[in-house]
Amino acid sequence: MNIINQFIKDKIKEEHQPIFLKFRSLIKAKFPTLKEEMRGGTEKYYGVPVYRHNRIIISVSPTLKGITFSFTDGKQFEDKYKLLEGVGKKSLNLRLSDPKDYKDEILEYYILQAIELDNK
């Protein structure tokens, strides 16, 4: 079993798995040039899936309440949906807890900006 599939099975609560699976499908369908890999991981903390263009532009972390998509350059994004949050100097997060709230068009909107900023 590939490491990401094992991560989904072991680390993402079953009710939140559809969110991540839809996101992966979007990446494969619309953004096949993004590389999916695992980053980090120590004895205390497990690694998380990341998506790389030239550099890592998205990290995905499961939480007890859902899935957090962290956009490396999120502070520079236009945010017409008003869904990004965070207090960092660079990254912002999109948190989803209900699979019904997942929309390809919203993620695509943020991913396109992430790629554009990574190309600069």
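The rules behind each value
- Residues numbered from 1 in each chain as written.
- Predicted model: local features only at pLDDT ≥ 70, side-chain atom pairs only at ≥ 80, totals over all residues.
- Heavy atoms only, no water.
- Buried < 20%, exposed > 50% of the residue type's maximum accessible area, 1.4 Å probe, protein only.
- Helix = DSSP H or I, 4+ residues; strand = E, 2+ residues; numbered from the N terminus.
- Pairing = 2+ DSSP bridges.
- Phe/Tyr/Trp six-rings, centres within 6.5 Å; stacked < 30°, edge-to-face > 60°.
- Contact = heavy atoms within 4.5 Å.

- Looking up the protein chain in an unreviewed UniProt entry gives the name YdhG-like domain-containing protein, with the organism given as Wenyingzhuangia fucanilytica.

1. Re the pairing of strand 4 (residues 67-71)
Phase 1: In terms of burial, strand 4 is largely enclosed, as 5 of its 5 residues are buried.
Phase 2: Neither face of strand 4 is left uncovered, since the one carrying Ile67, Phe69 and Phe71 and the one carrying Thr68 and Ser70 both have all their residues buried.
Phase 3: Bridge analysis of strand 3 (residues 56-62) against strand 4 gives 5 bridges, and the strand direction is antiparallel. Pairing of proline 62 across the sheet is with isoleucine 67, part of strand 4.
Phase 4: Counting the residues between successive antiparallel strands, the hairpin from strand 3 to strand 4 contains 4 residues.
Phase 5: Note that strand 4 and strand 5 (residues 92-96) share 5 bridges and pair antiparallel. Bridged to phenylalanine 71 within strand 5 is leucine 92.

2. Some words on the pairing of strand 2 (residues 48-52)
Phase 1: Buried residues dominate strand 2, accounting for 4 of its 5 residues.
Phase 2: Sheet analysis places strand 1 (residues 35-39) next to strand 2, joined by 5 bridges and oriented antiparallel. Bridge pairing in strand 2 places glutamate 37 opposite valine 50.
Phase 3: As consecutive antiparallel partners, strand 2 and strand 3 are separated by 3 residues.

3. Notes on the packing of aromatic side chains
Think of a pair of aromatic rings as described by two things: how far the centres are apart, and how the planes are tilted against each other in angle.
Phase 1: Using the criterion set out here, one finds 9 aromatic pairs in the structure.
Phase 2: Here the aromatic rings of tyrosine 81 and tyrosine 110 are separated by 6.3 Å at their centres, their planes lie at 70°, and the arrangement is edge-to-face. Taken together, the positions of tyrosine 81 in the loop between strand 4 and strand 5 and tyrosine 110 in helix 3 (residues 104-118) put the pair 29 residues apart, joining distant regions of the chain.
Phase 3: Owing to a relative accessible area of 26%, tyrosine 81 belongs among the partly exposed residues under this scheme.
Phase 4: An aromatic cluster is built from Phe71, Phe77, Tyr81, Tyr109 and Tyr110, whose rings are joined through pairwise contacts.

4. Overview of the side chain of glutamine 113
Phase 1: Structurally, glutamine 113 is set in helix 3.
Phase 2: What makes glutamine 113 buried here is its relative accessible area of 14%.
Phase 3: Not counting chain neighbours up to four residues away, the residues in contact with glutamine 113 comprise Phe77 and Glu78.

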